[in-house]
Amino acid sequence: MGVLERLKKTIFPGRQRSGEVTFLELFKTFQNILEKNNKILEVIAGMGDKLGGEYVFDKQYIISSCREVGELVRDLIYDLNIIAQKKYLDLYDAFERIHHDIEEELAGRPVISEGSYVIPLEEIPRDSSDMVGGKMANLGEIVNILGLASSPGFVITTAAFKAFMEYNNIWDRIREQPLDEKSAEEIYRLICDGSVPGEIQNDLQSCVDRLADKVGRYNLFFAVRSSARGEDSLHSFAGQFKSYLNEPVQNLTQCYKEVVASGYSPSALAYRREKEIGEDEVAMAVGCQLMVQAEASGVLYTMDPTAPAREIAVIEAIWGLGAPLVSGEAAGDHYLVSRIPPHEVEAFNVRLKTSMLIPKEGGGTETVPVPEELRTCPCIAAEHIRRLVELALVIERYFKKPQDIEWALDRDGQFVILQSRPLNIQAQVASLVCDLSTVGEGHRIIFRDKGSIAQRGIGAGTVWFIRSDEDMENFPAGAILVSKRTSPRLARVVPKASGILTDVGSPTGHMATIAREFRVPTIVNTGVATSLLEPGQEITVDAEQNVVYEGRVKELCYYEFTEEPFEESDEYRLLLRVLKKIAPLNLVNPHERNFAPEGCKTYHDITRFVHEKAVAHLIHREYHGKEPDAPARRLKLNIPIGLLLIDIGGGIDAAAGSGDLQPEQVTSVPLRAILEGMTHPGMWSTEPMSVDLGSFMSSLTRTFSSQLATPKYLGQNLAVVSQQYMNLSLRLGYHFNMVDAYISENINDNYAYFRFLGGVTELLRRERRVRLLAEILEQNDFRVDVTGDLVVGRIKKLDVSGMIEKMKVLGHLVAFTRQLDVQMIDDDKVNGAIAMFNKLAAGNLLPESKGRSNGQR
């Protein structure tokens with residue numbers, strides 16, 4: 001039995017018969033979870049910062065950081081299972097998988113992930129270079145995140161490579177002795193003569209069949225190309241591996257082996273030695289894409305390697321397939337195009353083109369004469385040139401480096417991206433980067449020194465506000481993401497953003513971790529971003545100096561293009577690999593199916609899952625009918641609420657004595673705030689509410705789910721509090737409210753959950769009040785879910801003052817909406833009530849003159 005198995009069986013053994021934990025145990029454990037959650041995020045943030053190049057670190061730092069975060073995550077799982085009565089023991093299995101892979105990496109044995117042998121291009125997940133190799137990972141992100149076109153196809157993964165090498169016992173031969181040219185030739189032959197395991201062949205055939213169904217034809221021909229781990233990323237491996245063009249399906253297996261074998265060619269061995277890449281790091285995936293029937297093809301550099309200061313892109317183009325151009329066998333038309341919209345052609349040289357390479361019928365390629373009338377014609381028209389540069393700059397902004405892009409123009413006039421890799425001109429670009437501290441002169445500053453930098457860097461683009469899911473769906477690549485607050489839900493558009501600005505948020509929060517993962521310049525908690533910026537406004541985010549400039553500051557925009565030499569070090573590559581097991585966040589939405597222990601792929605996923613479930617267990621715990629750890633005491637208020645209060649630590653003034661409590665003796669931060677909101681002048685109407693016959697009959701027939709209709713015991717309103725926490729259950733007539741909140745100095749911990757259910761009237765009037773509640777909550781930045789006449793509002797990660805203001809809003813709502821459904825006789829009443837609410841909340845309507853109940857009757 002393993003350590004973790006024993007651990008599973010030893011969680012609170014003495015409590016197996018006794019059932020639930022006490023209030024105090026639960027709350028203490030919850031606080032432990034918050035503390036560990038924050039510590040884990042801090043460690044992950046620190047590891048991510050090291051990739052920025054500003055800190056020196058060694059392997060021992062990586063080892064100790066991995067061990068620290070691992071121990072914290074394991075403790076976190078233990079704590080959650082105390083709160084949840086061992087409901088989430090499966091988290092240990094997820095933890096063990098991740099821990100094993102990290103330990104293997106630290107021991108110098110890079111992990112090739114188990115998984116699918118063949119993956120369609122459109123299903124390649126982001127950040128999957130370990131699985132599909134660098135080239136296909138880049139292409140997958142270009143297609144699936146940026147939405148640009150490439151040729152349909154699939155990739156035979158590194159998992160297939162591992163299976164193939166093990167099946168043919170080639171690993172053992174490689175590890176017998178250091179490879180030299182002679183032994184490499186033997187490895188090459190063993191691979192070419194090896195057998196592809198049946199499972200891989202079956203997956204390959206299945207993917208070919210699906211592709212044939214998708215394109216509606218079955219006589220398919222493929223381009224087969226290498227996609228080694230690390231290829232087209234830090235190291236280009238340009239020209240080191242074999243490629244095959246226009247190969248029929250029956251040749252795919254042999255082409256696959258030839259491409260894999262080319263990883264052990266003498267030139268590939270020499271390249272790895274030059275770059276100090278170990279043989280154990282070799283993992284070859286192979287991309288297979290349908291041949292493009294190309295009118296023209298070529299290469300585009302997003303910057304001129306010989307003169308990057310000129311702000312031009314360079315295009316080379318030939319008729320037909322691009323292989324002769326890439327290999328240097330043919331010269332193409334040459335274009336210099338401005339990087340600045342509308343991308344005018346500044347110079348060009350149309351060369352004589354007498355021959356071109358085309359796909360040969362039945363497979364392979366052939367060189368044929370270019371038709372006479374095309375030999376001196378440009379391969380691409382001006383409008384195509386502008387479009388191509390636009391696409392290239394989208395890719396450059398996403399990868400944050402000048403790009404070397406291979407492309408084809410198909411017979412329908414559409415550009416197809418074949419590959420994109422960094423253009424290694426960091427030395428030239430470095431000369432363009434000025435002293436950042438001197439840039440401010442001559443540029444209007446919109447704001448500076450607001451909030452905290454979560455990810456350093458420079459980003460320029462147009463402002464795009466995120467207020468809804470639709471805003472995320474339409475987010476344009478290269479825009480500046482501006483949001484009121486940080487949220488893990490933003491993860492899906494973070495990779496497309498040039499920069500991120502939020503009004504509130506923490507640099508150690510989940511979204512900040514994602515921003516670091518994608519190296520998107522990010523400033524959080526500015527307090528002013530949404531009020532000072534306008535949608536469509538062009539700005540430059542300087543997340544080095546914490547400044548936001550109006551317009552595009554050219555001097556700053558080169559900063560991102562500088563590449564640090566340390567990225568080629570062993571320590572950098574090791575940190576990058578282990579962080580892939582630690583930092584990425586895959587569990588974004590608690591309502592999605594993958595939000596489960598088996599969906600946890602990283603330590604960050606486990607941490608997010610534990611935090612979400614711990615809060616949920618605290619919110620949904622049934623406090624009524626339990627034996628409390630402290631006596632319930634009545635709180636005397638000037639409103640008829642009959643509230644009992646149970647203090648589990650610091651929620652009541654220690655000098656309060658026994659007996660009934662006065663409001664000023666409450667020291668619980670969330671309860672004080674919500675009581676202030678409930679007792680705000682004019683919010684709590686004491687006038688009798690008339691109920692018509694229909695509503696009366698409806699009230700007689702209404703029933704409530706026992707789960708939703710808390711509190712369980714009618715007529716008893718209860719608050720369980722500490723200094724920072726509050727769980728408030730109220731039954732006010734036929735209306736049920738529950739508010740659960742935590743407010744501390746650490747904004748990562750802070751949240752408020754509001755639930756409202758009920759009403760005395762028929763469905764239509766209750767629906768109008770639901771609309772009213774939802775609109776007021778949304779106006780106050782709550783995230784709202786509505787199911788029937790159940791309204792749930794959530795907000796989190798505001799600072800103390802921000803949380804207190806939201807608690808007051810909830811207090812207003814609880815008081816104002818009591819029995820308000822009776823008054824919702826038509827849709828106009830909804831708008832009128834919202835206007836009245838806002839005036840009362842703002843103090844613009846005196847109780848004597850407000851006429852709330854009079855005006856709404």
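Reference entry: report on the structure contained in this document. Here, residues in each chain are numbered from 1, in the same order as that chain's written sequence. Where totals are concerned, whole chains, interfaces and linings use all residues; where local detail is concerned, this predicted model gives features only for residues with pLDDT of at least 70, and gives and counts side-chain atom pairs only at 80 or more. Each side-chain value is derived from all of the structure's non-hydrogen atoms; neither hydrogens nor water enter the calculation.

### Overview of the overall build of the chain
Here's step 1: Starting at the N terminus, helices and strands are each numbered in turn, a helix being any DSSP run of H or I of at least four residues and a strand any DSSP run of E of at least two. Within the chain, the regular secondary structure consists of 27 helices and 29 strands.
Here's step 2: Note on contacts: a residue pair qualifies if any of its non-hydrogen atoms lie within 4.5 Å across the two residues. Taking contacts inside the chain between residues at least 6 apart in sequence as the whole, the part at least 24 apart equals 68%.
Here's step 3: With residues, only the protein chains shown are counted as cover, and all accessible areas are computed by Shrake-Rupley using a 1.4 Å probe. Summed over all atoms, the accessible surface of the chain reaches about 35700 Å², with 48% contributed by carbon and sulfur.

### Some points on the sheet that holds strand 20 (residues 538–542)
For sheets, the rule is that strands pair by backbone hydrogen bonds, running either parallel or antiparallel.
Here's step 1: DSSP-based pairing: two strands are paired if at least 2 bridges between them are found. Read across the sheet, 8 strands follow the order 14-21-20-16-17-18-19-15 without closing on themselves; strand pairing throughout is mixed. Pairing within the sheet leaves two strands with one partner each, and these edge strands are strand 14 (445–448) and strand 15 (452–455). Averaged over all pairs of adjacent strands, the angle between strand axes in this sheet comes to 25°, irrespective of strand direction.
Here's step 2: Where strand 16 (residues 458–465) and strand 17 (residues 480–483) come together, 3 bridges link them in parallel fashion. In the strand pairing of strand 17, Phe465 is matched with Val482.
Here's step 3: Comment: axis = line fitted to C-alpha atoms, over the contacting stretch for helices; angle = value between 0 and 180 degrees taken between N-to-C directions. Each of strand 15, strand 18 (499–502) and strand 19 (522–524) is contacted by helix 16 (residues 510–518), which is oriented at about 50° to strand 15, the strand it contacts most.

### Describing the packing of aromatic side chains
Here's step 1: Pairing of aromatic rings covers Phe, Tyr and Trp, the last through its six-membered ring, and needs centres within 6.5 Å; plane angles under 30 degrees mean stacked, over 60 mean edge-to-face, and all others mean tilted. The final tally for this structure, using the stated rule, is 13 aromatic pairs.
Here's step 2: Between the aromatic rings of Phe27 and Tyr742, the centroid separation amounts to 6.4 Å while the plane-to-plane angle is 40°, which identifies the pairing as tilted. One end of the pair, Phe27, is in helix 2 (residues 23–50); the other, Tyr742, is in strand 26 (residues 735–742), and 715 residues separate them in sequence.
Here's step 3: The exposure class of Phe27 is buried, given its relative accessible area of 5%.
Here's step 4: With a centroid separation of 5.6 Å and 35° between ring planes, the pair formed by Phe595 and Phe609 is classed as tilted. You can see Phe595 sitting in the loop between helix 19 (570–582) and helix 20 (603–620) and its partner Phe609 sitting in helix 20, a full 14 residues away along the chain. Here the two residues Phe595 and Phe609 agree in accessibility, since each one is buried.
Here's step 5: These aromatic residues form a ring-pair network of at least three members: Phe27, Phe30, Tyr725 and Tyr742. The buried label goes to any residue with under 20% of its type's maximum accessible area, the exposed label to any with over 50%, and the partly exposed label to all in between, with areas taken from a 1.4 Å probe on protein chains only.

### Remarks on the pairing of strand 17
Here's step 1: Side chains Ile480 and Val482 of strand 17 all project onto a buried face; the interleaved residues Leu481 and Ser483 project onto the opposite face, where all are buried too.
Here's step 2: Strand direction decides the pairing type here: strand 17 and strand 18, joined by 4 bridges, are parallel. Across the sheet, residue Ile480 finds its bridge partner in strand 18, namely Gly499.

### Describing the side chain of Lys257
Here's step 1: Position of Lys257 among the secondary structure elements: in helix 10 (residues 252–261).
Here's step 2: Residues counted as positive are Lys and Arg, residues counted as negative are Asp and Glu, and His and the chain ends are not counted. Definition used for salt bridges: Asp or Glu carboxyl oxygen within 4 Å of a side-chain nitrogen of Lys or Arg. Buried within the structure, Lys257 lacks any salt-bridge partner; its nearest side chain of opposite charge belongs to Asp193, at an N-O separation of 6.5 Å.
Here's step 3: Polar contact criterion, stated in full: a pair of N or O atoms within 3.5 Å, where within protein one must be able to donate a hydrogen and the other to accept it, and residues adjacent in sequence count only if both atoms are side-chain atoms. Within the local environment of Lys257, its side chain forms a polar contact with the backbone oxygen of Gly194, the two atoms lying 2.8 Å apart.
Here's step 4: If we ignore the near neighbours within four places in the chain, the residues touching Lys257 are Phe164, Ile191, Cys192, Asp193, Gly194 and Val196.

### Some details on helix 13 (residues 382–399)
Here's step 1: The span you would expect from a helix comes to 1.5 Å times its residue count less one. Between its first and last C-alpha atoms helix 13 spans 26 Å; for 18 residues at 1.5 Å apiece the expected length is 26 Å, and the two agree.
Here's step 2: When helix 13 is considered as a whole, its buried residues turn out to be Ile385, Leu388, Val389, Leu391, Ala392, Leu393, Val394, Ile395, Glu396 and Tyr398.
Here's step 3: The first or second residue beyond helix 13 is Lys400, which carries a positive phi of 60°.

### Section: helix 16
Here's step 1: Within helix 16, 8 of the 9 residues are buried, which leaves the element mostly enclosed by the surrounding structure.
Here's step 2: Turning to helix 16, the residues buried within the fold contact helix 2, helix 13, strand 15, strand 18, strand 19 and helix 20.
Here's step 3: Looking one or two places after helix 16, you find Arg519, whose phi comes out positive at around 55°.

### Quick notes on the pattern of salt bridges
Here's step 1: This structure, assessed with the given rule, holds 29 salt bridges.
Here's step 2: One salt bridge connects Lys214 with Glu122, and the closest N-O pair in it is separated by 3.5 Å. Residue Lys214 is located in helix 9 (residues 198–215), and its partner Glu122 is located in the loop between strand 1 (118–120) and helix 5 (129–144); the two are separated by 92 residues in the primary sequence.
Here's step 3: A relative accessible area of 53% means that Lys214 is categorised as exposed.
Here's step 4: Residue Asp130 is joined to Lys580 by a salt bridge in which the shortest nitrogen-to-oxygen separation is 3.9 Å. In this pair, Asp130 is assigned in helix 5 and Lys580 in helix 19, connecting sequence segments 450 residues apart.

### Details of the side chain of Glu105
Here's step 1: With respect to the helices, strands and loops of the structure, Glu105 is situated in helix 4 (residues 90–106).
Here's step 2: A distance of 2.8 Å separates a polar atom in the side chain of Glu105 from a polar atom in the side chain of Arg577.

### Points about the sheet that holds strand 6 (residues 294–301)
Here's step 1: Pairing within the open sheet is antiparallel, and its 6 strands lie in the order 9-8-7-6-12-13. Two strands in the sheet have a free side with no partner beyond their single neighbour: strand 9 (345–349) and strand 13 (415–422). Each strand axis lies, on average, 20° off the axis of its neighbour in the sheet, ignoring direction.
Here's step 2: Bridge count between strand 8 (residues 333–338) and strand 9: 4 bridges; the pairing is antiparallel. Paired with Leu336 across the two strands is Ala347, which belongs to strand 9.
Here's step 3: Those strands touched by helix 13 are strand 6, strand 7 (312–319), strand 8, strand 9, strand 12 (403–410) and strand 13, and its axis lies near 140° from that of strand 12.

### Brief notes about the packing of helix 2 against helix 16
The relative placement of two packed helices is expressed as an angle between their axes plus a distance between the axes.
Here's step 1: Close contact between helix 2 and helix 16 brings their axes to 10 Å; oriented N to C, the two are set at 20°. Classed by the angle they form, the pair helix 2 and helix 16 counts as roughly parallel. In the packing of helix 2 onto helix 16, the handedness of the crossing is left-handed. On the side of helix 2, the interface is formed by Leu41, Ile44, Ala45, Gly48 and Asp49, while helix 16 contributes His510, Thr513 and Arg516.
Here's step 2: When residues are sorted by character, Ala, Val, Leu, Ile, Met, Phe, Trp, Tyr, Cys and Pro go into the nonpolar class, Asp, Glu, Lys and Arg into the charged class, and all the rest, Gly among them, into the polar class. Residues that form the contact of helix 2 with helix 16 fall into these classes: 3 nonpolar, 3 polar and 2 charged. If an angle is under 35 degrees, it is roughly parallel; if it is over 145, roughly antiparallel; if it lies from 65 to 115, roughly perpendicular; otherwise it is oblique. Here a crossing is taken to be left-handed if its near helix is turned anticlockwise relative to the far helix by less than a right angle, and right-handed if that turn runs clockwise.

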